[in-house]
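# Residue-level structural notes
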Amino acid sequence: MKTRRVLIPVLVVIVIVAVAVAVYLVMNPVDTTLEFVVRDAVSKSWVWEATFSLQDRVIRSHFQSDRGPVPQVFTHLEPGEATLEISAPSYVEQSIPVTLKRGENRLSEPIDLVGYEIPDLTKWIIFEDRVGNDLVQEIRPVSSEGPAVLNHPCLDLWIGARVSVQIYDGLPAQEETEEGSERGEELFKGVLQWEWDGIPETTFRYSSFIPGSKIKANSDPYWVIDYLIVVPDPRKITREEIDRIMEKAWELPPEAIEPYLEPYSEEGKLKPYVFTSWNVEGASS
């Protein structure tokens, strides 16, 4: 009997507390949310045209911002186990399990999406500009239909360049020529470091430059630049593998490089593109 006398008040207290909590939650609902950041794995910038799905809710993001990726937030979620689905054109999709507690939830680390292609890429066109003694390149990916590809993943390109004196009729060219020119003395050969421009209104996002200090002194008015751009598929090859392959390839004569890379291209690991700029203004122009 004594035990019953003790239990009854305890049970009453528990019921009262439970009712109070229920009333509080009804009168003061706590929204369950999830905050997270998604970015391009290479540029660490925004991911174009991304779609995020969670518990039948969808967020669609275009550029996200002109200052890089911004946090995305799902609201009015149900607490418990769930899966965050992330996709974007030409990126590897991700499914991320999350455990949602009541109230605010936040993923501590950014989610890096891996881009694997520049859609419908057919060729590259490169334009040079001289800034002091340096040669600056604007690198444009072009689609099969002709227009440039404007929005695409940031792929970790490998870019090599050779600068030679432009020869016409056996002598350094003295004026621009449409055909008949040849390559003369080599003035530069090297691997270029590229930069990525993430500003939304930018038309062409890749650029690079050849330092004037690394170009052999030369006073001829016109040069020719041969570029090799290697586009990797990161699903099939790592950057370390690319560097090993290209270290060997770059030592070969120019005419032997593409045949050397052909087996890797057939395996879908990489795709080499060649572009030549004639009539580039030399140091004396």
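Just so we're clear, the structure is a prediction, and the values are computed from it rather than from any experiment.

This part is about the overall build of the chain. From N to C terminus, the chain includes 3 helices and 18 strands. Out of the 285 residues in the chain, the part that is buried amounts to 39%. Long-range pairs, those at least 24 residues apart, make up 66% of the contacts in the chain with a sequence separation of at least 6. Within the structure as shown, the chain displays about 16,300 Å² of accessible surface, and the carbon and sulfur contribution to it stands at 53%.

What follows concerns the environment of Tyr 264. With respect to the element layout, Tyr 264 can be found in helix α3 (residues 254–266). Not counting the four nearest positions on each side in its chain, Tyr 264 is found in contact with Ile 245, Lys 269 and Leu 270.

Taken as a whole and assessed by the stated rule, the structure comprises 11 salt bridges. Between Asp 112 and Lys 44 there is a salt bridge; the shortest N-O distance is 3.2 Å. Remark: Lys 44 occurs in the loop between β2 (38–40) and β3 (50–54) and Asp 112 occurs in strand β9 (residues 111–113); sequence separation between them is 68 residues. Put simply, Asp 233 and Arg 235 hold a salt bridge, and the shortest N to O gap is 2.8 Å. Classification of Asp 233 by relative accessible area gives buried; the value is 9%. Overall, Arg 235 belongs to the partly exposed group, its relative accessible area being 48%. A network of salt bridges, in which partner residues are shared, links Arg 39, Lys 44 and Asp 112.

With antiparallel pairing, 4 strands are arranged side by side in an open sheet as β4-β3-β6-β7. Looking at the sheet topology across the chains shown, the edges are occupied by β4 (57–61) and β7 (94–100). Between one strand axis and the next, the sheet turns by 20° as a mean value, whatever way the strands run. As paired strands, strand β6 (residues 80–87) and β7 are joined by 7 bridges and run antiparallel to one another. Note that in β7 the partner of Gly 80 across the bridge is Leu 100.

For Tyr 168, the position within the fold is in strand β12 (residues 158–168). The class for Tyr 168 is partly exposed, based on a relative accessible area of 41%. Note: C-alpha distance between Tyr 168 and Gly 180 (12 residues apart in sequence) is 6.5 Å. Setting aside residues up to four positions removed in sequence, Tyr 168 forms contacts with Ala 173, Thr 177, Glu 179, Gly 180 and Ser 181.

With that settled, consider the environment of Asp 112. For Asp 112, a relative accessible area of 25% translates into the label partly exposed. Separated by 72 residues in the primary sequence, Asp 112 and Asp 40 place their C-alpha atoms 5.6 Å from one another. Leave out the neighbours within four places in its chain, and Asp 112 touches Arg 39, Asp 40, Ala 41, Lys 44 and Gln 94. A distance of 2.5 Å separates the side chain of Asp 112 from the side chain of Arg 39, its partner in a polar contact.

Now for unusual backbone geometry. In the Ramachandran plot, Glu 49 falls in the positive-phi region, its phi being about 55° despite a non-glycine side chain. Take Glu 49: it is sitting in the loop between β2 and β3. Phi is positive for Asp 169, which is not a glycine, with a value near 55°. Along the polypeptide, Asp 169 turns up in the loop between β12 and β13 (171–172).

Quick notes on the rules
Residues numbered from 1 in each chain as written. Predicted model: local features only at pLDDT ≥ 70, side-chain atom pairs only at ≥ 80, totals over all residues. Heavy atoms only, no water. Helix = DSSP H or I, 4+ residues; strand = E, 2+ residues; numbered from the N terminus. Buried < 20%, exposed > 50% of the residue type's maximum accessible area, 1.4 Å probe, protein only. Contact = heavy atoms within 4.5 Å. Areas by Shrake-Rupley, 256 points an atom, 1.4 Å probe, with all protein chains shown as cover. Salt bridge = Lys/Arg side-chain N within 4 Å of Asp/Glu carboxyl O. Pairing = 2+ DSSP bridges. Axes fitted to C-alpha atoms, helices over the stretch in contact; angles between N-to-C directions. Polar contact = N/O pair within 3.5 Å; in protein donor to acceptor, adjacent residues only side chain to side chain.

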